[in-house]
Amino acid sequence: MTNERILLARKLRQVLIDFSPVIETYTDAVCPACADICCKQRFTVRNETDLQYLSALNAPVPSIDPARPPDALCQFLGPTGCIQPRWMRPWRCTWYFCEPLLTVILAEPRKKTIELEAFTGEILRLRNELLTRR
Ligand code: SF4
Ligand code: SF4
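Quick summary incoming for the structure in this document.

### A short note on the nonpolar core
Residues Leu8, Ala9, Leu12, Leu16, Phe19, Tyr53, Ala56, Trp87, Met88, Leu126 and Leu130 constitute the largest nonpolar core, which totals eleven residues. At the level of elements, α1 (3-30), α2 (48-57) and α5 (110-132) are the ones that each hand at least two residues to this core. At five residues, the largest contribution of residues to this core is made by α1. Apart from residues lying up to four places away in sequence, alanine 9 is in contact with Tyr53, Ala56, Leu57 and Leu130.

### Quick notes on the site of ligand 2
Residues in contact with ligand 2, as listed here, are Cys39, Phe43, Thr44, Cys74, Phe76, Leu77, Cys82, Gln84, Arg89, Pro90 and Cys93. Across the shell around ligand 2, the residue classes break down as eight nonpolar, two polar and one charged.

### Examining the site of ligand 1
As a structural note, the neighbourhood of ligand 1 is formed by Thr27, Val30, Cys31, Cys34, Asp36, Ile37, Cys38, Cys98, Pro100 and Leu101. Elements supplying a minimum of two residues to the shell around ligand 1: α1 and α4 (99-106). Broken down by class, the residue content of the shell around ligand 1 amounts to eight nonpolar, one polar and one charged.

### A short note on unusual backbone geometry
Excluding glycine, residues mostly have negative phi values, and the peptide bonds linking residues are mostly trans. Even without being a glycine, asparagine 58 presents a positive backbone phi close to 60 degrees. Locating asparagine 58 in the fold gives a position in the loop between α2 and β1 (77-78). The exposure class assigned to asparagine 58 is exposed, which follows from the 9 C-beta atoms found within 10 Å.

### Digging into the environment of proline 66
Locating proline 66 in the fold gives a position in the loop between α2 and β1. Sequence-wise, proline 66 and valine 15 are 51 residues apart; in three dimensions their C-alpha atoms are separated by 31 Å.

### Focus on α1
The end-to-end C-alpha distance of α1, which contains 28 residues, comes to 40 Å, matching closely the 40 Å that a straight helix rising 1.5 Å per residue would cover. At glutamate 24, α1 shows its largest bend, some 35 degrees. Within α1, burial applies to Leu8, Ala9, Leu12, Arg13, Leu16, Phe19 and Tyr26. Summarising the contacts, the buried residues of α1 are in contact with α2, α4 and α5.

Calculation notes
Residues numbered from 1 in each chain as written. Chains lettered and ligands numbered in written order. Predicted model: local features only at pLDDT ≥ 70, side-chain atom pairs only at ≥ 80, totals over all residues. Core = buried A, V, L, I, M, F, W, Y, C linked by C-beta atoms within 7 Å. Buried ≥ 20, exposed ≤ 12 C-beta atoms within 10 Å, placed from the backbone. Helix = DSSP H or I, 4+ residues; strand = E, 2+ residues; numbered from the N terminus. Contact = placed C-beta atoms within 7 Å. Near = placed C-beta within 6 Å. Nonpolar A, V, L, I, M, F, W, Y, C, P; charged D, E, K, R; others polar. Expected span 1.5 Å × (residues − 1). Bend = angle between axes of the 7 residues up to and from the residue.

What follows is the structure, encoded as structure tokens:
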């Protein structure tokens, strides 16, 4: 494992930690009233970039319950949302914007959406860079 990869992964973790309260201002507004929760078991499966990132951090990959049907609610869904810290979640869990979520985000002043775009752009950039440094 190169130092460069470890540094990239640490940087990515910090950006995800910083991004979490920003995106939660929107999920807190819409998710508690959701009638069709998107957190399904099949989304817990990590893709290659998620796995490379956790490996570079030497962080554990949470075990998936093979007995839970793919369309059941996710095993990590707790009473107040996901029990995994955002920096550990599969990226697709954060990179999902349902219609109600998009509606509240797009109603924001442009400077807020620019902030969101900057976070997601940086996260995508770091994830891509991590993959190319193997
Ligand atoms: S992100 Fe959208 S679909 Fe998922 S729980 Fe929140 S409101 Fe429901
Ligand atoms: S956000 Fe958490 S609870 Fe929801 S699908 Fe992802 S891992 Fe499961």
